[in-house]
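Residue-level structure breakdown
Residues per chain, in single letters:
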Amino acid sequence: MNDQERSPRANILIVDDTPANLELLGSLLRSLNYKVRAVTSGKNALSAMSARIPDLVLLDINMPGMDGYQVCTAIKADPAFRDIPVLFISAWDDTSNKLRAFEVGGVDFIRKPFQQEEVLARVQVHLRLRQRELDLRTANQQLLELERQRDGLTHMVVHDMRSPLTGISLGLGYLGDAIPEALADARATVVELSHAVAHLSDMTQQMLIVSQAEAGTMPLERTDCDVCSLVQEEVAAHKRTAGKQTLEVAAAGPIEACIDRPIIGRVVGNLLGNAMKFAPQAGIIRVSIEKESRTVRVSVTDNGPGIAHEHHQKIFDKFGQADLGRQKRTGVGLGLAFAKLAVEAHGGKIGVVSAPGCGSTFWFTLPQSESV
């Protein structure tokens with residue numbers, strides 16, 4: 001099957017003030033089964049486009065009233081028309097006119113007198129490109145809809161998991177109290193299971209918040225609080241599970257910020273847990289809180305394996321990870337993705353400074369309170 005037989009019958013608008021040119025171009029394009037409309041002025045061209053949007057425009061430059069540049073400018077200024085490919089076809093083929101044609105939004109330039117084969121080839125190329133662009137947009141919309149449905153299902157499942165997890169946690173608590181102290185191994189197993197359930201509950205809560213943040217509905221209950229105090233509380237809580245690791249805090253506080261304290265506390269906790277996971281067994285994790293103009297900056301530094309620069313943005317993506325050889329640096333579940341969404345919801349920024357073999361510093365900033 002040739003190009004003519006499989007032509008999608010695209011709608012082409014020809015704009016030229018010379019009837020002979022309209023007749024020649026029209027006959028040529030109709031021979032390939034295209035639908036053709038022909039007008040002799042820029043004003044009529046815009047009216048024709050409003051009546052029915054074409055798939056492509058062939059546009060002369062030298063016309064009375066509105067010239068081709070003005071017509072193309074008007075087309076590109078209208079959101080309904082701006083993506084329509086405009087091919088200039090003119091005897092004004094010096095460099096300055098060609099450059100101006102592209103500056104106002106044209107995608108190609110055909111010189112008059114034109115060769116029929118060239119016109120057909122260029123028209124076909126730009127129609128194919130236009131169709132591929134439309135196909136990509138459709139596929140992208142379908143992917144977005146599938147992602148929306150997937151996230152909705154995930155949100156529903158995770159939400160429904162909270163009640164049974166709460167029941168399991170309460171049941172393990174009662175079971176632990178009922179086991180005699182003499183059965184130390186059994187009591188230790190129940191405690192371990194309780195910690196696992198608590199971790200799973202925390203993950204489900206984090207997934208819910210991530211889903212809300214992506215939808216722009218993260219609930220923030222902001223209050224003025226001392227960020228230094230918040231960080232010190234999180235560090236103290238993590239020291240209980242630090243083993244031989246050393247956790248240090250350097251605070252230039254107090255520093256007030258208007259934040260959702262539990263949400264930012266979770267951000268700090270995620271960064272601490274991430275650092276502890278990848279720092280050596282006897283490694284050092286340092287946390288600093290500093291004032292920077294109208295912001296507060298929190299940094300968590302570890303002496304772990306470090307992260308290559310090409311992974312610095314990827315690790316903040318949902319389910320993103322960085323290849324560290326035998327390890328995958330993923331943080332704590334959705335920890336880094338959550339941290340990014342939470343910090344940005346507060347109007348702050350987040351990032352990492354790291355290189356292989358040099359450890360990592362994860363940092364984030366938050367606006368200070370207006371009263372500061």
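This section reports on the structure supplied with the text. Model, not experiment: these values are computed from the prediction. (Residues numbered from 1 in each chain as written. Predicted model: local features only at pLDDT ≥ 70, side-chain atom pairs only at ≥ 80, totals over all residues. Heavy atoms only, no water.)

**Considering the overall build of the protein chain**
If you tally the helices and strands in the protein chain, you get 9 helices and 14 strands. Every one of the 372 residues in the protein chain was classed for burial, and the buried ones make up 42%. For the protein chain, restricting intrachain contacts to residue pairs at least 6 apart in sequence, the fraction spanning at least 24 positions comes to 67%. (Helix = DSSP H or I, 4+ residues; strand = E, 2+ residues; numbered from the N terminus. Buried < 20%, exposed > 50% of the residue type's maximum accessible area, 1.4 Å probe, protein only. Contact = heavy atoms within 4.5 Å.)

**Considerations on the packing of helix 8 (residues 261-278) against helix 9 (residues 335-345)**
Two quantities define a packed helix pair, namely the angle between the axes and the distance from one axis to the other. Where helix 8 contacts helix 9, the axes come no closer than 9 Å and their chain directions differ by 145°. At the point where helix 8 passes helix 9, the crossing takes the left-handed sense. Residue-level inspection shows Ile263, Arg266, Val267, Asn270, Leu271 and Asn274 of helix 8 in contact with helix 9, the latter providing Gly335, Leu336, Phe338, Ala339, Ala342 and Val343. In terms of residue class, the contact of helix 8 with helix 9 is made up of 8 nonpolar, 3 polar and 1 charged. (Axes fitted to C-alpha atoms, helices over the stretch in contact; angles between N-to-C directions. Left-handed = near helix turned anticlockwise from the far one by under 90°. Nonpolar A, V, L, I, M, F, W, Y, C, P; charged D, E, K, R; others polar.)

**Remarks on the nonpolar core**
With 40 residues, the main nonpolar core has Val231, Val267 and Phe364 as its most contacted residues. Sorting the residues of this core by element identifies helix 7 (227-239), strand 8 (256-259), helix 8, strand 9 (284-292), strand 10 (295-302), helix 9, strand 13 (349-354) and strand 14 (360-367) as the ones contributing at least two each. Looking at this core element by element, the count peaks at 8 residues for helix 8. Listed in part, the 21 residues of the second largest apolar core include Ile61, Cys72, Ile84 and Phe109. (Core = buried A, V, L, I, M, F, W, Y, C linked by side-chain atoms within 4.5 Å.)

**What to know about the sheet that holds strand 2 (residues 35-39)**
Strands sit in the order 2-1-3-4-5 across an open sheet of 5 strands; the sheet is parallel. At either margin of the open sheet sits one strand with a lone partner, and together these are strand 2 and strand 5 (108-111). In this sheet, neighbouring strand axes are inclined to one another by 20° on average, regardless of whether the strands run parallel or antiparallel. In this sheet, strand 3 (residues 56-59) lies alongside strand 1 (residues 11-15) in parallel orientation, the contact comprising 4 bridges. The partner of Ile14 across the bridge, within strand 3, is Leu58. On the sheet, helix 1 (residues 19-30) packs against strand 1, strand 2, strand 3 and strand 4 (86-90) and is oriented at approximately 165° with respect to strand 1. (Pairing = 2+ DSSP bridges.)

**Let's talk about the packing of aromatic side chains**
For the structure shown, the criterion picks out 2 aromatic pairs. Ring geometry for Phe316 and Phe362: centres 6.0 Å apart, planes at 70°, overall edge-to-face. In this pair, Phe316 sits in the loop between strand 10 and strand 11 (322-324) while Phe362 sits in strand 14, placing the two residues 46 residues apart along the sequence. Sitting over the ring of Phe338, Arg266 keeps its end group 5.9 Å from the ring centre. One residue, Arg297, lies across the ring of Trp363, its end atom 4.4 Å from the ring centre. (Phe/Tyr/Trp six-rings, centres within 6.5 Å; stacked < 30°, edge-to-face > 60°. Lys NZ or Arg CZ within 6 Å of the ring centre and 35° of its normal.)

**Comments concerning helix 3 (residues 68-77)**
Taken together, the buried positions of helix 3 are Gly68, Tyr69, Val71, Cys72 and Ile75. All buried residues of helix 3 lie within an arc of 160° about the axis, which places them on one face of the element. Residues of helix 3 that are buried in the fold lie against helix 2 (42-51), strand 3, strand 4 and helix 4 (95-103). Capping the start of helix 3, Asp67 holds a side-chain oxygen 3.1 Å from the backbone nitrogen of Tyr69, two or three residues further along. (Arc of directions from axis to C-beta. Polar contact = N/O pair within 3.5 Å; in protein donor to acceptor, adjacent residues only side chain to side chain.)

**Some thoughts on the sheet that holds strand 14**
With mixed pairing, the 5 strands of this open sheet are ordered in space as 7-9-10-14-13. If you trace the sheet from one side to the other, it starts and ends with strand 7 (246-251) and strand 13, each paired once. Mean inter-strand twist for the sheet, computed between neighbouring axes without regard to direction, equals 15°. Sheet analysis places strand 10 next to strand 14, joined by 8 bridges and oriented antiparallel. By the bridge assignment for strand 14, Arg297 is matched with Thr365. Docked against the sheet, helix 8 engages strand 7, strand 9, strand 10 and strand 14, running at close to 170° with respect to strand 14.

**Some words on the environment of Phe114**
Topologically, Phe114 is positioned in the loop between strand 5 and helix 5 (116-178). Classification of Phe114 as buried rests on a relative accessible area of 12%. Taking the C-alpha atoms as reference, Phe114 lies 8.7 Å from Ser90; in sequence the two are 24 residues apart. Among residues more than four places away in sequence, those in contact with Phe114 are Leu24, Leu25, Ile89 and Val119.

**Some remarks on the pattern of salt bridges**
By the definition in use, this model includes 12 salt bridges. Across the pair Asp108 and Arg122 runs a salt bridge whose closest N-O atoms are separated by 2.6 Å. Of this pair, Asp108 sits in strand 5 while Arg122 sits in helix 5, and the two are 14 residues apart along the sequence. A salt bridge links Glu133 to Arg130; the shortest N-O distance between them is 3.7 Å. One end of the pair is Glu133 and the other is Arg130, both in helix 5 and 3 residues apart, which spans about a single turn. Among the residues examined, Glu133 registers a relative accessible area of 30% and is labelled partly exposed. One continuous salt-bridge network, built from bridges that share partners, spans Asp83, Arg130, Glu133 and Arg137. (Salt bridge = Lys/Arg side-chain N within 4 Å of Asp/Glu carboxyl O.)

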